[in-house]
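# Chain and residue survey
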Amino acid sequence: MSTNRYDFITPEKSIHGLFKLLYVSSAKYGGDWHSTPHTHDCSELFYVTNGLGQFNIEGKLHPVSSNDLVIVNPNVEHTETSLNANPLEYIVLGVEGLKLTTHAENADSRFCIVNFRNSKETILFCLQSMLKEIHAKPPGYEVICQDLMEVLIIHLTRQTNFSTTLAPSQNKFSRLCTHIHQYIAQNFSENLSLDTLAQMHHVSKYYMVHSFTKEYGISPIKFQLSCRIQESRHLLSTTDYSIATISRALGFSSPSKFSQCFRSSENMSPTQYRRQKQNK
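Every chain is numbered independently, its residues counted from 1 as its sequence is written. Only residues with pLDDT of at least 70 get local features here, since the model is predicted, and only at 80 or more are side-chain atom pairs given and counted; chain-wide, interface and lining totals rely on the full set of residues. As a convention, hydrogens and water are excluded, and side-chain values are obtained from all of the structure's heavy atoms.

## Comments concerning the overall build of the protein chain
Per the secondary structure count, the protein chain includes 9 helices and 10 strands. Accessible area is worked out with a 1.4 Å probe on protein chains only. A residue is then buried under 20% of its type maximum, exposed over 50%, and partly exposed in between. For the protein chain, the proportion of its 280 residues judged to be buried stands at 42%. Whether two residues are in contact is decided by their heavy atoms, any of which lying within 4.5 Å being enough. Considering only contacts within the protein chain whose residues lie at least 6 apart along the sequence, 73% involve residues at least 24 apart. For the protein chain, the accessible surface area stands at approximately 15600 Å², while carbon and sulfur atoms represent 50% of it. The numbering of helices and of strands both runs from the N terminus, where a helix is a DSSP run of H or I of at least 4 residues and a strand a run of E of at least 2. Here the Shrake-Rupley method, with its probe set to 1.4 Å, supplies the accessible areas, and only the displayed protein chains count as covering residues.

Listed below in structure tokens is the structure:
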């Protein structure tokens, strides 16, 4: 009989427990989607599983395609767009307490984009396992997702010149606001009530409104309206959709309500705004 024994030596430097997984989700966008530039207090890791698109990071466009990993560090304004013929699909993680940077020449500390075509099986296994766990929510799924996130980060640092840096951790108050802000930014056309938002995040309505307003200087409902108005400006400028169609697509109760809100924000009617943009 022969045996092989390998003694485990605890590393002096470990990432275990330093970073916290806040959320994991998957998305697929078509070319008619226009998302709103936004920031997070956490890092976001987007892994493109299919399609073509662009990331707008602080006003500059960066093309992305399958197996690209886009890392956006905390408090960096960004949004994503897609090509209608080849819709962008990705899995995204929100990680608290983490900043990832590369040692590449001319590297930008705010973000980085790296292709992982040669190791996509390992990365996809971790990401898809996290999605499966968080969707089914079996006992202990939080621990498994957290551990898979740490395994993923180790694989990233092994196969590239990434370095990890501790970022200031959010408190519970900031995490709540970040989650609500992200949810509204992604679902602003839905009929979101304060009661629904509070129930989703397991807090009282009054605490949620107070916290969000203190953090962002605007109430959740006013932020939702600002997202709708921003999207309407884009649609009025770049499409020939009718006012009624835009109103319905953005979740307004009626075209007259949309026109009223738009005029209050922009000091002109939607039709006047469209005419002004077309004459430029």
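Having put the structure on the table, let's press on.
## Some thoughts on helix H5 (residues 205–216)
Here H5 spans 16 Å end to end across 12 residues, near enough to the 16 Å set by a 1.5 Å rise per residue. Buried within H5 are the following residues: Met-208, Ser-211 and Phe-212. Down the axis of H5, the sector holding all buried residues measures 95°, keeping them to one side. Projecting away from the buried face of H5 at angles above 90 degrees are the exposed residues Tyr-206, His-210 and Lys-214. To estimate how far a helix should reach, multiply one less than its number of residues by 1.5 Å. This arc describes the spread of directions from the helix axis toward the C-beta atoms.

## Things to note about the packing of helix H6 (residues 220–238) against helix H9 (residues 270–278)
A fitted line through C-alpha atoms serves as each axis, taken over the contacting stretch for helices, and the angle formed by two N-to-C directions is quoted from 0 to 180°. It is at 8 Å that the axes of H6 and H9 come closest, and there the two elements cross at 50°. Comparing their axes, H9 and H6 come out oblique. The handedness of the crossing between H6 and H9 comes out as right-handed. Listed contacts from H9 to Arg-233, Leu-235, Leu-236 and Ser-237 of H6 are Pro-270, Tyr-273, Arg-274 and Lys-277. The nonpolar class holds Ala, Val, Leu, Ile, Met, Phe, Trp, Tyr, Cys and Pro. Asp, Glu, Lys and Arg form the charged class, and all remaining residues, Gly among them, are polar. Residue classes in the contact of H6 with H9 are distributed as 4 nonpolar, 1 polar and 3 charged. Should an angle fall under 35 degrees it is taken as roughly parallel, and over 145 as roughly antiparallel, whereas 65 to 115 is taken as roughly perpendicular and any remaining angle as oblique. Take the far helix as the reference: if the near one is turned anticlockwise from it by less than a right angle, the crossing is left-handed, and if turned clockwise, right-handed.

## Notes on the sheet that holds strand S3 (residues 52–57)
Adjacent strands of a sheet pair through backbone hydrogen bonds, lying either parallel or antiparallel. Read across the sheet, 3 strands follow the order S4-S3-S6 without closing on themselves; strand pairing throughout is antiparallel. The open sheet has two edge strands with one neighbour each: strand S4 (60–65) and strand S6 (78–82). Geometrically, the sheet is characterised by an average inter-axis angle of 25° between neighbouring strands, direction not taken into account. Strand pairing is assigned whenever DSSP identifies at least 2 bridges connecting the two strands. In terms of strand pairing, S3 meets S6 through 5 bridges, oriented antiparallel. Paired with Gln-54 across the two strands is Thr-81, which belongs to S6.

## Some details on the packing of helix H8 (residues 255–266) against H9
With their axes 9 Å apart at the nearest point, H8 and H9 run at an angle of 60° to one another. In terms of axis orientation, H8 runs oblique to H9. Judged by residue contacts, Phe-258, Ser-259, Phe-262 and Arg-263 of H8 engage Pro-270, Gln-272 and Tyr-273 from H9. Considered class by class, the residues forming the contact of H8 with H9 number 4 nonpolar, 2 polar and 1 charged.

## A few points about the side chain of Glu-133
Looking at the secondary structure, you find Glu-133 in helix H1 (residues 120–136). Those residues in contact with Glu-133 that lie beyond four places of it in its chain are Pro-138, Tyr-141, Ile-144 and Cys-145.

## A look at the sheet that holds strand S1 (residues 20–29)
One open sheet holds the 5 strands; their spatial order is S1-S7-S2-S5-S9, and the pairing between them is antiparallel. On the outer flanks of this sheet lie S1 and strand S9 (111–115), each paired with one strand and no other. With strand direction ignored, the average angle separating the axes of adjacent strands in the sheet is 15°. Where H1 meets the sheet, it contacts S1, strand S2 (43–50) and strand S7 (88–96), and its direction lies at approximately 100° from that of S1. Each of S1, S2, strand S5 (68–72) and S7 touches helix H2 (residues 141–159); the most contacted strand, S1, lies at about 80° to it.

## Some points on the pattern of salt bridges
A carboxyl oxygen of Asp or Glu within 4 Å of a side-chain nitrogen of Lys or Arg is what we treat as a salt bridge. Evaluated as defined, the whole model comprises 3 salt bridges. Residues Arg-110 and Glu-58 are paired through a salt bridge, measuring 2.4 Å at the closest nitrogen-oxygen approach. Within this pair, whereas Arg-110 is found in the loop between strand S8 (98–102) and S9, its partner Glu-58 is found in the loop between S3 and S4, the two being separated by 52 residues in sequence. The exposure class of Glu-58 is partly exposed, given its relative accessible area of 37%. A salt bridge links Glu-266 to Arg-233, with the nearest nitrogen and oxygen atoms 3.0 Å apart. Here Glu-266, found in helix H8, pairs with Arg-233, found in helix H6; they are 33 residues apart in sequence, far enough to count as distant.

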